[in-house]
Amino acid sequence: MNQCYNSTIVNASIEQVWKTVRDFHDLSWADPVITSLEVVGDIPGDTVGAKRLLNGLFHETLTILDTENHSITYVIEDGPEPISKSTVANYVGLLQLSAVT
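The model shown is predicted, which means the values in this text are computed figures rather than measured ones. (Residues numbered from 1 in each chain as written. Predicted model: local features only at pLDDT ≥ 70, side-chain atom pairs only at ≥ 80, totals over all residues. Heavy atoms only, no water.)

Quick look at the environment of K19
Keep this limit in mind: Secondary structure elements are taken from DSSP: a helix is a run of H or I of four residues or more, a strand is a run of E of two residues or more, and numbering for both begins at the N terminus. The cut-offs for exposure are 20% and 50% of the maximum accessible area for each residue type, with area from a 1.4 Å probe on protein chains only; residues under the lower value are buried, those over the upper are exposed, and the others partly exposed.
Considering the arrangement of structural elements, one finds K19 in helix α1 (residues 14-21). For K19, a relative accessible area of 69% puts it in the exposed group. In this structure, the C-alpha to C-alpha distance between K19 and H70, residues 51 residues apart in sequence, is 9.6 Å.

The structure is reproduced here in structure tokens:
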């Protein structure tokens, strides 16, 4: 299994950052990387099963929202090459917050 890891430090408390990133339907904090986000279906962004379409290309579903551990897990169900469903199976993304002390 291939993995990619990115890290950044945010000058705010873990609770402040969690409050900002926990809504799967709000990526306003990811501008300009995310230019559009379309909510798909009626499931709220803080509920497992929430779906979104990013930049008109990436179909994603929230699979785990773990408030205690400040993490979000999601799957990319389809997108352009090189991550289209015909090329990649079981793409799982994880956003994990950790307090820096």
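Further notes follow.
Let's talk about α1
So the rule is basically this: The arc in question is formed by the directions pointing from the helix axis toward the C-beta atoms. By definition, residues are in contact when any of their heavy atoms lie within 4.5 Å.
Among all positions of α1, only V17, W18 and V21 are buried. Seen from one end, α1 has its buried residues packed into an arc of 100°, which puts them on one side. Buried residues along α1 sit in contact with β3 (58-66), β4 (71-78) and β5 (91-96).

Observations regarding the nonpolar core
Put simply, the rule reads: The criterion is simple. A nonpolar core is a set of buried Ala, Val, Leu, Ile, Met, Phe, Trp, Tyr and Cys residues joined through side-chain atoms within 4.5 Å.
Ranked by size, the top nonpolar core spans 12 residues in total: V17, W18, V21, F24, A50, L62, L65, I72, Y74, I76, I83 and L97. Listing elements by their share of this core, those giving two or more residues are α1, β3 and β4.

Regarding the pairing of β4
Quick note on the threshold: Pairing between strands is defined by DSSP: at least two bridges between the two strands are required.
Sheet topology note: the β3/β4 ladder contains 7 bridges and is antiparallel. Considered in β4, the bridge of H59 is made with D78. When β4 meets β5, the two strands line up antiparallel, connected through 6 bridges. Within β5, the position partnered with Y74 by the bridge is G93.

Here's the deal with unusual backbone geometry
With an omega of 10°, the peptide bond between D31 and P32 qualifies as cis. Examined against the element boundaries, P32 turns out to sit in the loop between α1 and β1 (37-40). Going from E81 to P82, the amide bond is cis rather than trans, its omega being 15°. Tracing the backbone through its elements, the reader meets P82 in the loop between β4 and β5. Notably, H70 is not glycine yet its phi reads approximately 50°, a positive angle.

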